[in-house]
Amino acid sequence: MNITMDEFKARRDKVLEKLAPNSIAILPAASIKQRNSDTEYPFRQNSDFYYLTGFNEADAVLVLSKGAQGQAQEYVHGFTLFCLPKDETAELWTGKRAGMDGAKRLYGADAAYPLAEIDRHLPAMLQNKTKLYYHFAEEQEFDKRLNAWLKQAKQKALASGRATGQKSNSFPEAMVDISAIVHELRLYKSALEVETMRRGAKISADAHTKLMRTVKPGLNERQVEAEFIYQIMQQGCKTVAYTTIVGGGANACTLHYTANDAVLQAGDLVLIDAGGEYNNYAADITRTFPINGKFTVAQAAIYNLVLAAQQQGIKAAQPGQRWSAIQEAIVEVIVAGLRELNILQGTQQQLIKKQAYRRFYMHSSGHWLGLDTHDVGKYRLQGDYRVLELGMVLTVEPGLYFAADDATIDAKWRGIGVRIEDDVLITATGNEVLTAAAPKTIAEIEALMIG
Ligand SMILES: [Mn+2]
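Residues numbered from 1 in each chain as written. Predicted model: local features only at pLDDT ≥ 70, side-chain atom pairs only at ≥ 80, totals over all residues. Heavy atoms only, no water.

Caption draft 1: Quick peek at the sheet that holds strand 6 (residues 111-114). Here we have 6 strands laid out as an open sheet, ordered 6-5-4-1-7-8, and mixed in their pairing. At either margin of the open sheet sits one strand with a lone partner, and together these are strand 6 and strand 8 (174-177). Strand after strand, the sheet turns through a mean of 20° between neighbouring axes, direction not considered. Judged from the 4 bridges that link them, strand 7 (residues 131-134) and strand 8 form a sheet pairing that is parallel. When the bridges of strand 8 are listed, Lys131 appears paired with Ala174. Each of strand 1 (23-28), strand 4 (61-66), strand 7 and strand 8 touches helix 6 (residues 140-164); the most contacted strand, strand 7, lies at about 165° to it. (Pairing = 2+ DSSP bridges. Helix = DSSP H or I, 4+ residues; strand = E, 2+ residues; numbered from the N terminus. Axes fitted to C-alpha atoms, helices over the stretch in contact; angles between N-to-C directions. Contact = heavy atoms within 4.5 Å.)

Following this line, the structure appears as structure tokens:
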């Protein structure tokens, strides 16, 4: 289930194919961020860097070089990795390193140099390249270093011009954002990526199921969060893919609620938006269910409406459909349902046109999913929403939220917040719901909670 070194190489080859002739791409790994004094935030590799290398050490630098025109013999390699060298003392404190030898042997680097020597090599590698591909304005510190290397490359070119009397175009004339190339590749998941995501989705779905058995009145939201983290880590996730949301009662109406410190009350619903990160890939699931195991009539009405909308949204997630078809399907159901419940008044067409539903359903249908929870990849091409294709993975997550103090609606709806979210893989013939193992019909949930 791990992505193979062959696949990482195939990804780099695809990037190299898309680079202009005689060009260079530079991509830094993530750095370790200090939390305070001797304590650091947990390390998470930069997703683009990981996608192209599988290399999980901090501060490394990937260089892809295309074309050897005018290059020093030492640098005519496709894939160069700068990383930390083997060092017994340092490794005693911070763990094993691949080192130069490992970079080549285990990660397929054509050349590997110690990070400390990067200032010496990079200016020479930039020489005689016409285009530089890079992530602009993401890491200020690295931007500065890159500028310094460019400046050295320029000075070298001038000096060699003076020495030889020859003029040359000797360093990049254009800089291109590398994101467009790498992100487009990341949007289409390979068989191994799908297998990885399927596993992470199953682990996360099982953890949600476990929470339905665990939740009861009197528990603190934080205890529910703790149980989720326990479950996914027991099954092999390194951590959660994003900050867990556990919102009891009206807390569910705060879309990015993360305080998670209220006591769960009988008679309320609890909304749990939580997913594990498995081998660097994210799962993203939301379930909403009654804290005492039984939906009230009003809660059931809203819940079934969101569920119907989600089911129609998932149906619209088909190859050949546009991204926007999912939201359109959801909105049709939501508006019809809100009219039926007399929460909105007016014709279906007018209410959709005015976006009257946005008071209660104020977000979009979902997002791409992959190495990042809100994964990379464009939603529009030339202005139009793109067409869904085989191998794309996305979430479908409609919701309805009625603020506790909204005096314009009937009191029975106030404080109800419901969202239902699944992870959907676009297949050749339709789709596969990767998170289907987590129950979501009222009958299934009540049976699980009260038997
Ligand atoms: Mn989501």
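Caption draft 2: Highlighting the coordination of the manganese ion. Coordination sphere of the manganese ion, protein contribution only: Asp284 (OD), His367 (NE2), Glu397 (OE) and Glu421 (OE), at 2.0 to 2.4 Å. You can call His367 buried: its relative accessible area is 5%. (Donors = N, O, S within 2.8 Å, 3.2 Å for Na, K, Ca; no water. Buried < 20%, exposed > 50% of the residue type's maximum accessible area, 1.4 Å probe, protein only.)

Caption draft 3: Geometry of the sheet that holds strand 10 (residues 245-248). The antiparallel open sheet is built from 3 strands, whose spatial order is 10-11-14. Two strands close off the open sheet at either side, each with one partner strand: strand 10 and strand 14 (285-290). The average undirected angle you get between the axes of adjacent strands in this sheet is 10°. Where strand 11 (residues 269-274) and strand 14 come together, 6 bridges link them in antiparallel fashion. Note on strand 14: the bridge partner recorded for Ala274 is Ile285.

Caption draft 4: Focus on the domain arrangement of the protein. As assigned here, the protein comprises domain 1 (5-186) and domain 2 (188-450). One C-alpha centre belongs to domain 1, the other to domain 2, and the line joining them spans 39 Å. The interface is formed by 13 residues belonging to domain 1 together with 16 residues belonging to domain 2. Summed over both partners, the interface of domain 1 with domain 2 comes to about 1200 Å²; 37% of that surface belongs to carbon and sulfur atoms. Of all residues in domain 1, Arg44, Glu184 and Arg186 give up the largest surface area on contact with domain 2, accounting jointly for 47% of the area buried on that side. The tally of links between domain 1 and domain 2 comes to 5 salt bridges. Asp372 is the salt-bridge partner of Arg186, the closest N and O atoms lying 3.2 Å from each other. Looking at the side of domain 1 that touches domain 2, the elements that each hand over two or more residues are helix 1 (5-18), helix 2 (47-53) and helix 7 (179-187). For the side of domain 1 that touches domain 2, the element with the highest residue contribution is helix 7, accounting for 4 residues. Among the residues making up the side of domain 1 that touches domain 2, the classes are represented as 4 nonpolar, 4 polar and 5 charged. (Domains from an automatic or database assignment. Buried area = accessible area lost by both parts, 1.4 Å probe. Salt bridge = Lys/Arg side-chain N within 4 Å of Asp/Glu carboxyl O. Nonpolar A, V, L, I, M, F, W, Y, C, P; charged D, E, K, R; others polar.)

Caption draft 5: Structural detail: the pattern of salt bridges. One pass over the structure, following the stated rule, counts 23 salt bridges. Between Asp13 and Lys9 there is a salt bridge; the shortest N-O distance is 2.9 Å. In this pair, Asp13 and Lys9 both sit in helix 1, 4 residues apart, roughly one turn of the helix. Judged by relative accessible area, Asp13 falls into the partly exposed class, the value being 32%. Sharing partners across several salt bridges, the network here consists of Asp48, Arg186, Lys189, Asp372 and Asp375.

Caption draft 6: How the structure looks around the pairing of strand 11. Of all the 6 residues making up strand 11, 6 are buried; the element is thus mostly covered by neighbouring parts of the structure. Every second residue of strand 11 is oriented toward a common face, with Leu269, Leu271 and Asp273 on one face and Val270, Ile272 and Ala274 on the other, all of them buried.

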